[in-house]
Amino acid sequence: MIQAFHKTDRPSAPPKSAPSPTDTTLGQPLRCAACLAEVTSDQACVDGGGRFTNPAGVTYDVVCFSSAPGCYIQGDPIVDFSWFPGHAWCFALCGACHQHLGWYYQGPSKFFGLIRDRLVSPAADR
Ligand SMILES: [Zn+2]
């Protein structure tokens with residue numbers, strides 16, 4: 001006996017709703033202040049962040065970015081002393097010169113918190 005295999009849940013066409021970043025020209029690149037390698041762009045900025053002080057008493061102005069392709073992440077995620085409750089952090093370093101640029105946070109959301117002073121924007125110089 002041959003039974004036809006009815007498969008009604010066959011995969012449909014791939015989702016075409018993925019946002020295509022065709023308008024990247026609107027974003028200003030943000031560069032590492034130490035080596036001027038491109039780290040991210042102001043388009044990736046998702047939050048103005050804030051001012052935070054670490055346990056050593058050092059205060060940073062931190063801006064949040066959804067992505068930072070110019071950074072690499074170092075170390076294991078650490079939950080202690082997180083400035084963003086529920087998020088563990090790792091160091092985020094410049095991919096070109098290894099300068100410490102900020103932190104990568106992961107938890108309910110994932111984002112980079114980068115130190116404002118360590119990024120330069122060409123537009124900001126004018
Ligand atoms: Zn750099």
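For the structure, check the block above.
This one's a predicted model, so the numbers in the text were calculated from it and none came from an experiment.

About the criteria used
- Residues numbered from 1 in each chain as written.
- Predicted model: local features only at pLDDT ≥ 70, side-chain atom pairs only at ≥ 80, totals over all residues.
- Helix = DSSP H or I, 4+ residues; strand = E, 2+ residues; numbered from the N terminus.
- Buried ≥ 20, exposed ≤ 12 C-beta atoms within 10 Å, placed from the backbone.
- Contact = placed C-beta atoms within 7 Å.
- Pairing = 2+ DSSP bridges.
- Core = buried A, V, L, I, M, F, W, Y, C linked by C-beta atoms within 7 Å.

Enquirer: Got a sec to walk through the overall build of the protein chain? Specific residues and values, please.
Expert: Within the protein chain one finds zero helices and nine strands. Ordered by position from the N terminus, the helices and strands of the protein chain form the series β-β-β-β-β-β-β-β-β. The burial tally for the protein chain puts 24% of its 126 residues in the buried class. Within the protein chain, contacts between residues at least 6 apart in sequence are counted, and of these 44% link residues at least 24 apart.

Enquirer: Quick rundown of the sheet that holds strand β1 (residues 29–32)? Include the residues and the values.
Expert: Here three strands make up an open sheet; going across it, the order is β2-β1-β9 and the pairing antiparallel. Only two strands of the sheet have a single partner each, and these edge strands are β2 (38–41) and β9 (119–120). Pairing of β1 with β9 involves two bridges; the strand directions are antiparallel. Bridge assignment links Arg31 to a residue of β9, and that residue is Val120.

Enquirer: Residue-level account of the nonpolar core, with values.
Expert: Here is a general trend for soluble globular proteins: nonpolar side chains tend to be buried in one another's company. Of all hydrophobic cores here, the largest spans 23 residues; its most connected members are Val39, Ala68, Cys71, Ala92, Leu101, Phe112 and Leu114. At the level of elements, β1, β4 (59–65), β6 (88–94), β7 (100–106) and β8 (110–115) are the ones that each hand at least two residues to this core. Apart from the residues lying within four places of it in its own chain, the contact partners of Phe112 are Cys64, Phe65, Ala68, Cys71, Ala92, Gly102 and Tyr104.

Enquirer: An account of the pairing of β2 is requested, with residue identities and associated values reported.
Expert: Residues in a regular strand point their side chains to alternate faces of the sheet. Examined bridge by bridge, β1 and β2 share three bridges and lie antiparallel to one another. Residue pairing for β2: Leu30 is matched across the bridge by Thr40. With antiparallel pairing between neighbouring strands as the criterion, β1 and β2 make up a hairpin whose turn holds five residues, including Leu36 at a positive phi of roughly 65°.

Enquirer: If you had to explain unusual backbone geometry to someone new, which residues and values would you point to?
Expert: Unlike most non-glycine residues, Leu36 shows phi in positive territory, near 65°. Of note, Leu36 is situated in the loop between β1 and β2. Of the residues examined, Leu36 has 13 C-beta atoms within 10 Å and is grouped as partly exposed. Even without being glycine, Phe81 reaches a positive phi, approximately 60°. One can find Phe81 in the loop between β5 (71–78) and β6. The class of Phe81 is exposed, set by 10 C-beta atoms lying within 10 Å.

Enquirer: Tell me about the pairing of strand β3 (residues 45–53), and name the residues and values.
Expert: Where β3 lies against β4, six bridges are found, and the strand directions are antiparallel. What sits directly across from Asp47, in β4, is Cys64. The turn linking β3 back onto β4 is made up of five residues, and Gly57 within it adopts a positive phi angle of 90°.

None of the figures reported here should be taken as evidence of function without further support.
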